[in-house]
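# Structural features, examined
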Amino acid sequence: VYQTLDNMDGKQARRTKSSSPLGLLFDHGCDAFNVIIGMTNWSCAMGLSPATDARWIALVLLSGMTTFYFTTWEEYHTGSMHMAFFNGPTEGILVGASVSFISSMAGSKFWHQTHLAQVLPFKQITALFPFWSKNDLR
């Protein structure tokens, strides 16, 4: 429902010539709030605990928020929003729904079955995130 209404309101405002900078600001403000709620929902669905998985929670939260920030920044400077083939308002929401569906069917322990240190090469991970140790990936 959110995705449909979010995509329709801007098109309707442009079609009726009632769009305004205030409406755009309000729309992006609602989207920013939804990104935080969605990313928090993903963290909960994956069973991440703030006490033991704070870095993973930060990574999940920042992944959505950073993408939203740069897309909005680009729109501000260019005057138009260009969505990539794989983008947040459509595929990102479907990925979130998939994470929630998998967690509802298999439980949040599904995401803790395999240690990432066994699946991903540790040298590449530490090259991307040098402040993480091998124990953080368990």
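Anything mentioned here points back to the structure above.
Here we summarise the structure given alongside this text.

## Regarding the overall build of the chain
Helix and strand content of the chain: 6 helices and 0 strands. Ordered by position in the sequence, the α and β elements of the chain form the string α-α-α-α-α-α. Burial status across the chain gives 19% buried among its 138 residues. Sequence-distant contacts, at least 24 apart, represent 57% of the contacts inside the chain between residues at least 6 apart. For the chain, the exposed surface amounts to about 10,100 Å²; the carbon and sulfur share of it is 68%.

## Notes on the nonpolar core
In terms of nonpolar packing, the biggest core is built from 9 residues, these being Val 35, Met 39, Trp 42, Ala 45, Met 46, Leu 48, Ile 57, Val 60 and Val 99. If you list the elements that add at least two residues to this core, you get helix H2 (21–45) and helix H3 (54–78). With 4 residues, the single largest contributor to this core is H2. With near-sequence residues (within four places) excluded, Val 60 lies in contact with Met 39, Trp 42, Ser 43, Met 46 and Leu 48.

## Quick word on the environment of Ser 98
Considering the arrangement of structural elements, one finds Ser 98 in helix H4 (residues 88–106). Overall, the relative accessible area of 37% leaves Ser 98 in the partly exposed class. Remark: the alpha-carbon pair of Ser 98 and Trp 42, spanning 56 residues in sequence, is separated by 9.8 Å.

## Remarks on the packing of helix H1 (residues 2–15) against H2
Look at H1 against H2: their axes get within 11 Å of each other, and the N-to-C directions meet at 160°. Taken as axis vectors, H1 and H2 run roughly antiparallel relative to one another. Of the two elements, H1 crosses H2, and the hand of that crossing is left-handed. In this structure, H1 uses Tyr 2, Asp 6 and Asp 9 to contact H2, whose residues at the interface are Asp 27, Asp 31 and Asn 34. When grouped by side-chain class, the residues that make up the contact of H1 with H2 number 1 nonpolar, 1 polar and 4 charged.

## A closer look at the side chain of Ser 103
Its location among the elements puts Ser 103 in helix H4. A residue is classified by how much of its surface remains accessible, and Ser 103, at 11% relative accessible area, is buried. Residues in contact with Ser 103, not counting those within four places in the same chain, are Ala 45, Met 46, Ser 108 and Trp 111.

## Description of the environment of Ser 43
Following the sequence through the fold, Ser 43 ends up in helix H2. Separated by 15 residues in sequence, Ser 43 and Ala 58 have C-alpha atoms that sit 9.3 Å apart. Setting aside residues up to four positions removed in sequence, Ser 43 forms contacts with Leu 48, Ile 57 and Val 60.

Reading the values: rules and limits
Residues numbered from 1 in each chain as written. Predicted model: local features only at pLDDT ≥ 70, side-chain atom pairs only at ≥ 80, totals over all residues. Heavy atoms only, no water. Helix = DSSP H or I, 4+ residues; strand = E, 2+ residues; numbered from the N terminus. Buried < 20%, exposed > 50% of the residue type's maximum accessible area, 1.4 Å probe, protein only. Contact = heavy atoms within 4.5 Å. Areas by Shrake-Rupley, 256 points an atom, 1.4 Å probe, with all protein chains shown as cover. Core = buried A, V, L, I, M, F, W, Y, C linked by side-chain atoms within 4.5 Å. Axes fitted to C-alpha atoms, helices over the stretch in contact; angles between N-to-C directions. Parallel < 35°, antiparallel > 145°, perpendicular 65-115°, else oblique. Left-handed = near helix turned anticlockwise from the far one by under 90°. Nonpolar A, V, L, I, M, F, W, Y, C, P; charged D, E, K, R; others polar.

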